[in-house]
Amino acid sequence: MSSDNAMAAPGEWFDTAPCGYISIDAEGRIQTANPKLSDWLATPGSAIVGTHVTALFSIASRVVFETSVLPLLHLHGEVSGVSLDLSSRTGENIPVMISATARGTGQSRMTQMVLLRSERRRNFERDLLEARAETEARLSIAQKQGELREQFVAILGHDLRNPVAAFYAGIRALSRNPPKDKKAELLQLMQGSVHRMERLIENVLDYARERLGSGIELDLGVGDLEPAIRQAVEELRAVHPDRDLKLSLNIGHDVECDAQRIGQLVSNLLGNALTHGDTERPVTVDAVTFANDGLKINVCNHGPPISAETQKRLFDPFDRGDESNYRKGLGLGLHIASEIAKAHHGGMSIQSDEDVTCFTFQMSSGDAPGRD
């Protein structure tokens, strides 16, 4: 018996095979279909024979079969391990893996196709892909956290070292019992070092709380805004007695906010302005209330402009810009100021040109936390 005849007349295995089996003529019409395939499709074999092979598949798989499987069969005479879905009469899609071999030419061409159910394999592959994606996501997060920790420790260690060293040097100098005027100068320097450490630690703690998901906590109230802003400015004025700080307050009415947090925001913006501004020109702080319980605070300094590219990242944690003048400090002050603004449902903006750089915080009553 020739191989072609063997294809056309399968034996007893045809009825007992645990897989689906069909033979297809040159026109794509099904000539034989075994009982297992009939069971899967909930369709009598007599209803399968004579139909076009594409009728077996779901709509999506039909497209794949016509555009990929049939051309490969015509070109190579065989395909193997193609994943498709059968469409059962019950409406169920049945995942299968198909392999097919074609023999003959022209109208005598016949194709044998074997179909293996692949739910478990497909589920396994899906689970494997999901597990891989989850593992890659966790690895990416772990890598980012690791990089963040390394950067955090390195910068924090560096930035705390300077004020601690200055404080320690002041203690050693005071232990030598210097003249009274020198003592006052040393105490001023030590006070500045302590203030720098306090601001650094405060920002680090706020950042840690933010990373842990609790965010910036607010204690909302009214009436204490002006004293909080004045205190923030006076603290930095005491630390920088040689700098010209100008404060303008026009608080015409109470504003519902966390006054201490607003003071912290002003302190961070003012500290940034003192660090990067022209030491020979004034730094200004302007706070004004406007209609509907709105609040606007500007902190401005003179000096070189900040590039547009650097401005995009100034409020990111640990990002201190590309300019050398913006590589001082931990890089958390502006980020925490921005988070305080967000917690008040307000916003931060920056304008910088050849003469002046201004950071602006603004909120309105419609944005205030806790209001509809």
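Residues numbered from 1 in each chain as written. Predicted model: local features only at pLDDT ≥ 70, side-chain atom pairs only at ≥ 80, totals over all residues. Heavy atoms only, no water.

## A short note on the packing of aromatic side chains
Under the defined criterion, the tally for this structure stands at two aromatic pairs. Residues F315 and F359 carry aromatic rings whose centres are separated by 6.1 Å and whose planes lie at 85° to one another, so their mutual orientation is edge-to-face. With F315 in the loop between α10 (308–311) and α11 (333–343) and F359 in strand β10 (residues 356–363), this residue pair connects regions lying 44 residues apart in the sequence. Residue classification places F315 among the buried residues on the basis of a relative accessible area of 16%. Residue classification places F359 among the buried positions, given a relative accessible area of 1%. (Phe/Tyr/Trp six-rings, centres within 6.5 Å; stacked < 30°, edge-to-face > 60°. Helix = DSSP H or I, 4+ residues; strand = E, 2+ residues; numbered from the N terminus. Buried < 20%, exposed > 50% of the residue type's maximum accessible area, 1.4 Å probe, protein only.)

## A few points about the confidence of the model for the chain
Model confidence for the chain is summarised by a mean pLDDT of 82, while 82% of its residues fall at 70 or above. Note that pLDDT drops below 50 for residues 1–9; the model gives that stretch seven contacts with residues more than four away or on any other chain. (pLDDT = per-residue confidence, 0-100. Contact = heavy atoms within 4.5 Å.)

## So, the state of the cysteines
Taken as a whole, this structure holds one disulfide when the rule is applied. For C300, the disulfide goes to C358, at an S-S distance of 2.0 Å. The disulfide joining C300 to C358 has a torsion of about 115° about its S-S bond and is therefore right-handed. Remark: C358 occurs in strand β10 and C300 occurs in strand β8 (residues 294–302); sequence separation between them is 58 residues. (Disulfide = S-S within 2.5 Å.)

## A look at the packing of helix α9 (residues 259–276) against α11
Between α9 and α11, the least distance of the axes is 9 Å, while the angle of their chain directions is 150°. By the angle between their directions, the pair α9 and α11 is classed as roughly antiparallel. Note on packing geometry: the crossing formed by α9 with α11 is left-handed. On α11, the residues that touch R261, Q264, L265, N268, L269 and N272 of α9 are G333, L334, I336, A337, I340 and A341. When grouped by side-chain class, the residues that make up the contact of α9 with α11 number seven nonpolar, four polar and one charged. (Axes fitted to C-alpha atoms, helices over the stretch in contact; angles between N-to-C directions. Parallel < 35°, antiparallel > 145°, perpendicular 65-115°, else oblique. Left-handed = near helix turned anticlockwise from the far one by under 90°. Nonpolar A, V, L, I, M, F, W, Y, C, P; charged D, E, K, R; others polar.)

## Notes on the pattern of salt bridges
Applying the stated criterion across every chain, the model contains nine salt bridges. Measuring nitrogen to oxygen at the nearest pair gives 3.2 Å for the salt bridge that ties R132 to E136. Taken together, the residues span about one helical turn, with R132 and E136 both in helix α6 (residues 119–175) at a distance of four residues. Where K312 meets E309, a salt bridge forms, and the shortest distance between an N and an O atom there is 3.6 Å. In this structure K312 comes out as exposed when scored by relative accessible area, which is 63%. Exposure remark for E309: the relative accessible area of 44% places this residue in the partly exposed category. Through salt bridges that share partners, E309, K312 and R313 make up one connected network. (Salt bridge = Lys/Arg side-chain N within 4 Å of Asp/Glu carboxyl O.)

## What to know about the sheet that holds β8
For sheets, the rule is that strands pair by backbone hydrogen bonds, running either parallel or antiparallel. Pairing within the open sheet is mixed, and its five strands lie in the order β6-β7-β8-β10-β9. On the outer flanks of this sheet lie β6 (245–250) and β9 (347–352), each paired with one strand and no other. The sheet shows a mean angle of 10° between the axes of neighbouring strands, direction not considered. The pairing of β9 with β10 spans six bridges and is classified as antiparallel. For G347, the partnering residue across the bridge sits in β10 and is Q362. Of the strands in this sheet, β6, β7 (283–290) and β8 touch helix α8 (residues 225–239), which is tilted by about 180° from β6. Across the sheet, α9 touches β6, β7, β8, β9 and β10, and the angle it forms with β8 is around 15°. (Pairing = 2+ DSSP bridges.)

## Side note on the nonpolar core
Counting residues in hydrophobic clusters, the biggest one holds 40 residues, and the most contacted among them are L265, L270, I297, F359 and F361. Mapped by element, the contributors of at least two residues to this core are α7 (180–211), α8, α9, β7, β8, α11, β9 and β10. Considering each element in turn, this core owes the most residues, seven residues, to α9. Excluding anything up to four places from it in sequence, F361 contacts I262, L265, L295, K296, I297, A341, H344, G346, G347 and M348. I22, W40, L56 and V79 belong to the second-largest nonpolar core, a separate cluster that totals 25 residues. (Core = buried A, V, L, I, M, F, W, Y, C linked by side-chain atoms within 4.5 Å.)

## So, the sheet that holds strand β1 (residues 20–24)
Spatial strand order, β2-β1-β5-β4-β3: five strands in an open sheet with antiparallel pairing. Looking along the sheet, the strands with just one partner apiece sit at the ends: β2 (30–33) and β3 (78–87). For this sheet, the mean inter-axis angle between neighbouring strands, taken without regard to orientation, is 25°. Sheet topology places β1 next to β2; three bridges connect them, and they run antiparallel. Across the sheet, S23 pairs through a bridge with T32, a residue of β2. Against the sheet, helix α5 (residues 59–76) touches β3, β4 (93–103) and β5 (110–117), its axis set at about 160° to β3.

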